[in-house]
Each structure stands twice: as structure tokens, then as C-alpha cells.
Amino acid sequence: MQRPVHSPHPQIHHPVPQRPVQVPVMQSPPPPPQSSDPYDANPYGPGAASNAYPGAAGQQHYGAQPQFFPQAGNAFFTDPMTAQMGFNVARAALGGSTDLAEKNINRYLTSIKPFFAVTNMYVLRKLYILLNPWRHMPWSRQSTARASAQRPGEAETIYLPPREDLNSPDMYIPVMSFVTYILLSALLYGLSGTFHPELLGYTASSAMGAVVFELVVLKLGCYLLSIGNSQLLDLVAYSGYKFVGITVSILATAIIGRGKLAWLVFAYVYSANAFFLLRSLKYVLLPDSSEGGADAYGAGAGRPAPRQQRKRRTWFLFGYSYLVQFFFMLALTSGVGKKA
């Protein structure tokens, strides 16, 4: 009996489907419903989270407390009337703080503005007095009467502005001389080849520190000597007048060189500034009760300061006008423009 011969490569038969197979057509999900509330952050509705995470709803029913506070916060922002009320409260608070800041700024500007009420003639005559105060008379400030704004029906005494009174302190000359001192120092440092930008800040901070220290000394002396109503802006103006003499001394030293003549110029401007402060501040620290405006500085009309207290004020005025001014004028003029 013969065996069947098998082919080394049998024929492969692919299965033939008996019925057609229908492939389902994939469709995109329907778009979420549009909410009319612009603050609604969940476009899929309140039940979307529960449908997406079925276990989340069950956890609330199983030993968990429902969250009321997030819902209250969302209700605050989603309620148009409540949100508008919050915006109105914030706007009112911001407007109140802005009005308060503007009121304070206007008050400060109003108090400083009279110190810059100067004219060209006043500036020239004031500079002449600062450099040659020996024969100037008188030194008392002029005042006038006007209706009081705080007490209607009553009159108050005020001092005239600088453009109407030559003895009135101003801020224009101290500020301009302060800036001139800084720029002149920078120029001399540049001519000597030792200038660097840090010198501007160092010079300005040194000059400002001298003024601040003098103000502290003056206010402390006024407090210890029971000198009332010492105006801060007046003291700032008087303290800044020394930069006129400092600028003149530095300029003279740069022109004629360092020597005896330069020291003579420094001694002259220092003496002129000290004498000017001595005579000007006399009506602040040593008020005369015989004059009508004396009570503005603490002694009061008909109530002169005791003799011992007046003597202390005299020594304090002398020490500030001569000793303190000599120290700071010498410190601010020495070393300006020197080569390293």
C-alpha cells in the first residue's frame, strides 16, 4: 500500500467570514450647555464631577460632611448684586485713602510754597547780606494781621513772605547753593582726575547729614530750653545758608590755590555766616517781649524769659552759630578736589 506524498509546503487557507461585520461609527460627545452666568467655571453642569467620579458622591454620604463654605464663596462671586456691592466698597475705600493722601500732600506743599516766593531782587539782596551782614539793619521779621481761618471773626498775626520781607527765611537760596556745592565738588574732582560716580552720592549724603545733625541739635536745644513754636522749615532754611559761604570758599581755593589767602577767604565767609545766624536766630531763641511778634516764639508779650534761662539761650545760640558752623563748614570744604 502506498503512502500519500505530502507537499513540503502545504497550502494555507484564510478563513472566510460567513456574515458581514459592522464596525460602529465613533461620534464626538455633544457640546456642553452654555451657561448664562459669566462666573460659572464648570461648563458641564453641577453633576459633571459626580458623573465623572462616581465615588466622590458616595464619600459624602459615607461619614463626610457636606462642604457648605465653598458653595457660599462661589455664590458670593456668582451673584451680580453681591459682587457689585463688594466692588463699590473697595472703590470707596480706595477713594478715601487717595483723598487723604492728596489732602496731606497739599497741606505740605501749602506750607512749603511760601518759602519759594522770592524775586530776583530779593535773591541778590539776600546774597549780599549773607556775604556782608555787618551793617545790615534791622534784623526783625515783619508781620501783618489777617482774618483767622480756624477762628472766624478773630485776627491772627502772620509773617510776610520772602519777596515782601528781606529778613524772612527762604528755601530757594539754600536749595540752589546745596546743589551748586555738589556740582562744583564733582567738577573739581573731575579736573583733578579723581572723579568717580560714587563721589556724587558721598558728597550729597555728607551735606545732608550735616543739615540733619544741625536740625537735631536745634530741636533738642529748643526742647531743653523751653523754646516754643520753633518752626522746622525756618530752621532748615537757616541751616542751609552756610552752603553759600562753603561754595565761595571752595571756588576761591580752586582759583587762587591752597594757601594763606584761601584760609582768609574761608575765615571771612565763616564769620559772615556765623554773624548772620547769630542776629537772625536771636528773635527765635531770645525773643524780645517789647515787640508785638515776640509771643510767637514762646516768651509772650509782657512775660520775658527768666534771666538764667535767657543766659542759657544766649550760650546755646553762640555755640550753634560759631562752634557748630565752624566744624561743619571746615569738614565740607576740606578735601574737595584733592588728588589721591
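Structural data are supplied above this passage.
One structure accompanies this document, and this report is about it.

The rules behind each value
Starting from 1, residues in each chain are numbered consecutively following that chain's sequence as written. Two thresholds apply to this predicted model, a pLDDT of at least 70 for residue-level local features and 80 or more for giving and counting side-chain atom pairs, whereas whole-chain, interface and lining totals are computed over all residues. To get the side-chain values, all heavy atoms of the structure are used, and hydrogens and water are removed first. For helices the rule is a DSSP run of H or I covering at least 4 residues; for strands it is a run of E covering at least 2, with both sets numbered from the N terminus onward. Pairing of aromatic rings covers Phe, Tyr and Trp, the last counted by its six-membered ring, and requires centre-to-centre distances within 6.5 Å; plane angles under 30 degrees mean stacked, over 60 mean edge-to-face, and any other angle means tilted. Whether a charge sits over a ring comes down to the Lys NZ or Arg CZ being within 6 Å of the ring centre and within 35 degrees of the ring normal. Here, residues are in contact when the closest pair of their heavy atoms is within 4.5 Å. Fitted lines through C-alpha atoms serve as axes, helices being fitted only where they are in contact, and the angles separating the N-to-C directions of these axes extend from 0 to 180 degrees. Comment on the angle field: the value is read as roughly parallel under 35 degrees, roughly antiparallel over 145, roughly perpendicular from 65 to 115, and oblique elsewhere. Think of it as three bins: nonpolar holds Ala, Val, Leu, Ile, Met, Phe, Trp, Tyr, Cys and Pro, charged holds Asp, Glu, Lys and Arg, and polar takes everything else, Gly as well.

1. A word on unusual backbone geometry
The step from Met137 to Pro138 runs through a cis peptide bond, and the omega angle for that step is -10°. Locating Pro138 in the fold gives a position in the loop between helix H5 (120–131) and strand S1 (143–147). For Ser226, which is not glycine, the phi dihedral falls at a positive 60°.

2. Looking at the packing of aromatic side chains
Under the definition given, this model contains 17 aromatic pairs. Feature note: the residues Trp134, Trp139, Tyr238, Tyr241, Tyr268, Phe275 and Phe276 constitute an aromatic cluster, connected by ring pairs. Geometry around Tyr159 places Arg141 over its ring, the cationic atom sitting 4.3 Å from the centre.

3. Thoughts on the environment of Leu218
As for its position among the elements, Leu218 is in helix H7 (residues 198–224). Leu218 sits 18 residues away from Val236 along the chain, and the two C-alpha atoms are 9.9 Å apart. Leu218 has contacts with Leu235, Phe316 and Tyr320, leaving out every residue within four places of it along the chain.

4. Describing the packing of H7 against helix H12 (residues 307–333)
One can describe the packing of H7 onto H12 by two numbers: an axis separation of 11 Å at closest approach and a directional angle of 170°. In terms of axis orientation, H7 runs roughly antiparallel to H12. Taking contact as the criterion, the partners of Ser206, Ala207, Ala210, Phe213, Glu214, Val217, Leu218 and Gly221 in H7 are, on H12, Phe316, Tyr320, Val324, Gln325, Phe328 and Leu332. Residues that form the contact of H7 with H12 fall into these classes: ten nonpolar, three polar and one charged.

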